[in-house]
Amino acid sequence: EPEVTQTPSHQVTQMGQEVILRCVPISNHLYFYWYRQILGQKVEFLVSFYNNEISEKSEIFDDQFSVERPDGSNFTLKIRSTKLEDSAMYFCASSERDITHNEQFFGPGTRLTVL
Amino acid sequence: EDQVTQSPEALRLQEGESSSLNCSYTVSGLRGLFWYRQDPGKGPEFLFTLYSAGEEKEKERLKATLTKKESFLHITAPKPEDSATYLCAVHADQTGANNLFFGTGTRLTVIP
């Protein structure tokens, strides 16, 4: 069964460093998303991406964040200068079409720890 | 005010003891209500989507229902492997065109 994959599973970084989280969405999916979940809190939407551009973003997704689809399979989230409060699980998700009648499938997550 | 509220926060059941989890929502223009299961350290796993009041969906021991204000996830004769956090999420005009707004989840523990 096709699935969303994410690498690395765990990333430890120093405050102020740049990190890139990688995702491979399901191959025939056209919509891509990043969510985050701070330990013990709810899953929060960051950004959605379609047709090589951001279609929607939340207040959390400020200028420190960027997304890219560098090739036909990868989807990346870059945090330019990490802060302590960026420590969280980051989930990539994809859907075949927009989510009005299509479910989002989530990857296993990358645990980001900022020291 | 939270747009999606799940209750209870945690639930312990004996194996075979049926129960229900609640997800109430206050968003306007509901387009879909999603149920996910999340195991510790893992990503949410899709269970159901409900689109209109009165709709019901079933999968093994799980049954999801939807009204105009809330959704229930009924668990019939649960087994220890049903232990997980169950997340409810909404897609609505109010929450954005193409993203999900999640509740905090119900942590279910099924004791053998």
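None of these values were measured; they are calculated from a predicted model. Chains are numbered independently. Their residues run from 1 in the order of the written sequence. The naming scheme follows written order: chains are lettered A onward, ligands numbered 1 onward. Local features in this predicted model are restricted to residues whose pLDDT is 70 or higher, and side-chain atom pairs enter the listing and the counts only when it is 80 or higher, whereas totals over whole chains, interfaces and linings include all residues. Side-chain descriptors were evaluated using all non-hydrogen atoms of the structure, hydrogens and water having been removed beforehand.

Brief notes about the pattern of salt bridges
In what follows, salt bridge is the name for a side-chain nitrogen of Lys or Arg lying within 4 Å of a carboxyl oxygen of Asp or Glu. Under the counting rule described, the total for this entry stands at six salt bridges over all chains. Arg36(A) is the salt-bridge partner of Glu44(A), the closest N and O atoms lying 3.2 Å from each other. Each residue is placed in one exposure class: buried if its accessible area under a 1.4 Å probe, protein chains only, is under 20% of its type's maximum, exposed if it is over 50%, and partly exposed if it falls in between. Glu44(A) sits in the partly exposed class, given a relative accessible area of 23%. The closest approach of N and O atoms between Arg61(B) and Asp82(B), which form a salt bridge, is 2.8 Å. A residue pair is termed long-range when its members are at least 10 positions apart, and Arg61(B) in the loop between β6 (56-59) and β7 (62-66) and Asp82(B) in the loop between β8 (70-75) and β9 (84-92) qualify at 21 residues. Per residue, the accessibility class of Arg61(B) equals that of Asp82(B), and both read buried. In this text, helices come from DSSP runs of H or I with a minimum length of four residues, and strands from runs of E with a minimum of two, each type numbered from the N-terminal end.

Focus on the sheet that holds β8(B)
Residues and elements named next belong to chain B. Strands sit in the order β1-β3-β8-β7-β6 across an open sheet of five strands; the sheet is antiparallel. The strands lining the two open edges of the sheet, one partner per strand, are β1 (4-7) and β6. Within this sheet the neighbouring strands show an average axis-to-axis angle of 15°, counted without direction. Here, strands pair whenever DSSP counts at least two bridges between them. The axes are straight lines fitted to the C-alpha atoms, using for helices just the contacting stretch, and the angles between their N-to-C directions are given from 0 to 180°.

Looking at the state of the cysteines
Residues and elements named next belong to chain B. Cysteine sulfur pairs qualify as disulfides if the two atoms are within 2.5 Å. With the rule as written, the count across this model stands at two disulfides over all chains. At a sulfur-sulfur separation of 1.9 Å, the disulfide partner of Cys 23 is Cys 88. Taking the sign of the S-S torsion, -55° for the link of Cys 23 and Cys 88, the bridge is left-handed. Taken as a pair, Cys 23 in strand β3 (residues 19-25) and Cys 88 in strand β9 lie far apart in primary sequence, 65 residues in all. Comparing Cys 23 with Cys 88 shows no difference in burial state: the two are buried.

A closer look at the environment of Asp62(A)
Residues and elements named next belong to chain A. Tracing the chain through its elements places Asp 62 in the loop between β6 (53-57) and β7 (65-68). The exposure class of Asp 62 is partly exposed, given its relative accessible area of 33%. In this structure, the C-alpha to C-alpha distance between Asp 62 and Asn 51, residues 11 residues apart in sequence, is 21 Å. In this structure the side chain of Asp 62 is engaged in a polar contact, spanning 2.9 Å, whose partner is the backbone nitrogen of Gln 64. For this analysis, a polar contact is any N or O atom pair within 3.5 Å, provided that within protein one partner can donate a hydrogen and the other can accept it, and provided that sequence-adjacent residues contribute only side-chain to side-chain pairs.

Remember that the coordinates give geometry; whether it matters functionally is a separate question.
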